[in-house]
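# An overview of the molecular structure
If you want the building blocks of each chain, they are given just below.
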Amino acid sequence: MSRRASIGLALGLVLAGGVLLWWVLSGPTTTPPPRQSIEGLQGTVTVGWTDRHTAVLDYTHSTDALTALGYVHGMTRPWTVTVWRRTALGTLSTAFGERLVPLDRHARRLGFAYHARQAYDQLSPSTRRRLQAYTRGLNAALGAERARQRAPFVHLNLAPARWKPWHPLAIERLLGADRRLRRWLHLHGRARSIAWAARPSADSARPAFFARHVLGASAEPLVQEVLLRSPSTAPTAAASLPGGPVFPTGTTGSRHWTYLLSSPARLTRVETDTTRIRTRHERIAPAEGTEHLVTIRRQGERLLVRTTAPDSAWALTWPGLQPHSDVPRWTAHAQLREDVSPFDSVASAFRLFGGSGLTMTPAGEWTVRGRPPVVERGSETVLIGRSPWARHQADGLRARRAEGPVRPSRWSASDSSTWAAELLPRLLPALAPLNDTAPLYDDALSYLRNWNFVYEPASIGAVVFEEWMRVYQAGTGRMPTTEDSTLLAPSRHRQAFRHAVDHLETQYGSDVRQWRWERVAPDRRYFPVWSADSLVAADLSSRPACARACAHALGRLDAGRRLGPHRAPPPLRSVGLFRPVLPPPRAAVPRLCVRCPDDPDHTSRPRPTERRVMRDS
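Residues numbered from 1 in each chain as written. Predicted model: local features only at pLDDT ≥ 70, side-chain atom pairs only at ≥ 80, totals over all residues. Heavy atoms only, no water.

### Description of empty space enclosed by the protein
Our working rule: Both site types are read off a 1 Å grid over the protein atoms alone. A 1.4 Å probe that fits but cannot get out defines a cavity, while an open set with protein on both sides within 12 Å along at least five of seven lines defines a pocket; lining residues have an atom within 4 Å of a point. Grid points are joined across faces, edges and corners, and a volume is the space filled by probe spheres set on the points. Under the grouping applied here, Gly and all other residues not named as nonpolar or charged are polar, the nonpolar ones being Ala, Val, Leu, Ile, Met, Phe, Trp, Tyr, Cys and Pro and the charged ones Asp, Glu, Lys and Arg.
This model, assessed by the stated rule, comprises six cavities of 30 Å³ or more. In this structure, the largest cavity spans a volume of roughly 100 Å³. Lining the largest cavity, in full, are W84, L175, R182, L187, R190, V214, L215, L222, L241 and L261. When grouped by side-chain class, the residues that make up the lining of the largest cavity number eight nonpolar, no polar and two charged.

Laid out in C-alpha cells, this is it:
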C-alpha cells in the first residue's frame, strides 16, 4: 500500500472513530413532553428552566414539589440515579456481570437496602408520603421514552427500573458510605469540602456566604440546582443531589445553609460473643455466573467486618446501620415541610450525616453547626472544613478580607497559595549551600527565590516548587512542614531539590525558561460555581458564574492548595454558593408542566407563572 493510501486510510479511521465516539457520548434523545400527567398530584406544578439549566419549580403543595424534583432528577440524571441505585442495592452484577460481585457483596454487608427498608417503616406518615411523591416523579421520568433512549441505556440494552419509596434512603446511605464505593462512583475528595462566611465591609451592604462541595470526578454532572417557588413561602434556591430529596446547600428568605456531607464511621477491634452475634444471609445472582451467598454478622449495633482471632473481630459502628434518615431535615431546610425545625441548634438533629455545617442570616450573623473538624474564626470571617488544608484556605480568606470586599467568584478563581507562601521561605535556607553545583541548579533556584506564590501560566517558580514537593513526598512519604527540625531535614531538602531539577531537565530540556506552568500543567480544571457573586449581577439566570458556568483554574492552586495529583483529587465537581437573588418571572413562553391527572383541561386550578423551557443536557 502506498504512503498516500496509508495516510488516507488512517485519516478515515480517525474520522470514523470520532463519529462513533460522538454518537456513543451523545446518544439518541427525544424532546420532553410539554405536559405530563402523574398519579397522586394534589395540584399543578410547573417546571421551567433558566438559561443556566437551573430547574424552577412553581407549586402549591409541598409533596407536589417533591414529585417535580424527582421528575427533574429522572430527566436530567437518569444514568446517574440508575448506577447509584444499583450500587446501593447491591445489584450491579445482575446487570453487568460477575466482575462486580465484590462491590455487590460489600453493599449487602453494609446493608444499605436492608436498613433503608427498616428506616422507611419507622418514618412518620408525612415523611413516607414525601418519599412516595418523590419516587412518583422519578418513575414518571425514567419511564418516559426520552430517558429510555438516552445513552448508555440504548448501547447497553438496559431499561431504567422502577424505584420504590425506600430506595432514596438507600441512596442517602450510599452518599455517606465508605471509600471503596465512593471510589467506584468517582465520588472522592469530599473531605476537602469547605464553607465560609464574611461579614459585610464598609463598602459592601451584603455579607458573603460560600460553600464548595467536592464530589469527585464523575463522568456526568451531579448537582442539580433548583428554585422552589410557592405562593405561601419565600422562594428557596438549593443544590440537590440525584436519587433523593437531599439539599446540602441552599438559601431561603431568612437563612442560608450548607452542611458538609460526612457520616461518622468508626472501625474498632472488639471481643466477640457468640451468644450476641446475629447472622443473616442474602443472595447475589449475577447476570453471568454462579449465585453467591453473602453472610452478614452483627453484634449489638456493630457490624462484624473481619475476624482477627477466634474471640475477636474488627467491627464497624456507623449510623447507617440503624433505621435513621435525614430526609425530614433536608425537606425542612427546603421549606417542604412544617413539622420539623430546619435550624435546630444541636447536631443530633441529623441522624445519618454528621450535621456539621454553617448557616447565616441575611444580616450576616453566622452559626457553626455540629462539630466540624476544622473551624477557623477571624474577626470578620469564619471557615469550616474537614481537611488540614482548610487552615491554609482560611489564611487566604483573611488576607482577601483585609484587602476589601470578599467576592466568592474571585475566591473560586484564586491561583495563589498561602501554603506555599508560608512554607517556601522556611525551606529556602536549606538550599543555600548549592553554590558549587551546576549552573542549571542556580538558575532553577533563582526562579524559585523570585516566585510570588502565584500559579500563573508563565510561572517557572511554580513548576520548580511543585516538582520539588513531589520528589520530597515520594522519598519520605509525607510533605515537608514548617516544623521540620531534624538534623537530616536540610540534607533531604537539598537532595530532593537536585532530583527535581534533574527530572525537569529530562522532561523539558536544559533551558529553564521553557519550564513554564502552562507547559507542565496544560490541563484546565473545572468546577461549577453556582450563584457565585450576587454583588455583581442581580439576576440569577444571567449571572456568569451561575449553574453550569465554570470558573476555571489553570492547573493551579485553589484557595491555598494545589490541585496536583500528588496532593489530592481535584474538585472537578464542586458547588459554590453565594446568596442568590431570585430571577423575576419570565414572559409567557412554551413550558414543561407536570399536572394533576384529575385536571385534564388544566384550567380548574390557578396557572403558575410560565417560563421558558430550556434544553436540558
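Here the narrative resumes, following the displayed structure.
### Here's the deal with helix α16 (residues 439-449)
The test is simple: Each residue's exposure class comes from its accessible area (1.4 Å probe, protein chains only) as a fraction of the maximum for that residue type: buried when under 20%, exposed when over 50%, partly exposed otherwise. Numbering goes from the N terminus for both helices and strands, where a helix is a DSSP run of H or I of at least four residues and a strand is a run of E of at least two. By arc we mean the arc of the directions from the helix axis to the C-beta atoms, nothing more. Between two residues, a contact is recorded if the distance between any of their heavy atoms is within 4.5 Å.
Taken residue by residue, α16 has L440, Y441, A444, L445 and L448 as its buried positions. Looking straight down α16, one finds its buried side chains confined to an arc of 130°; they lie on one side. Residues of α16 that are buried make contact with α15 (418-427), α17 (461-476) and α18 (489-508).

### Describing the pattern of salt bridges
The line we're drawing: A side-chain nitrogen of Lys or Arg and a carboxyl oxygen of Asp or Glu constitute a salt bridge if their distance falls within 4 Å.
Taken as a whole and assessed by the stated rule, the structure comprises 10 salt bridges. Between R398 and D395 there is a salt bridge, with its nearest N and O atoms 2.7 Å apart. Highlighted residues: R398 and D395, both in helix α13 (residues 389-403), separated by three residues, approximately one helical turn. The exposure class of D395 is partly exposed, given its relative accessible area of 30%. Across the pair D511 and R513 runs a salt bridge, and its minimum N-O distance is 3.1 Å. You can call D511 partly exposed: its relative accessible area is 28%.

### Considerations on the sheet that holds strand β13 (residues 302-309)
Applicable threshold: Strands are labelled as partners when DSSP assigns at least two bridges between them. To define axes, lines are fitted to C-alpha atoms, for helices over the stretch in contact only, and angles between the resulting N-to-C directions are given on a 0 to 180 degree scale.
Here five strands make up an open sheet; going across it, the order is β10-β14-β13-β12-β11 and the pairing antiparallel. The sheet is open, and its two edges are formed by β10 (266-271) and β11 (277-284), each paired on a single side. On average, each strand axis in the sheet is inclined to that of its neighbour by 40°, with strand direction left out of account. Where β10 lies against strand β14 (residues 312-317), six bridges are found, and the strand directions are antiparallel. Its bridge partner lying in β14, T268 is registered against A315. This element, helix α5 (residues 101-110), spans β11, β12 (292-299), β13 and β14 of the sheet and lies at about 30° to β12.

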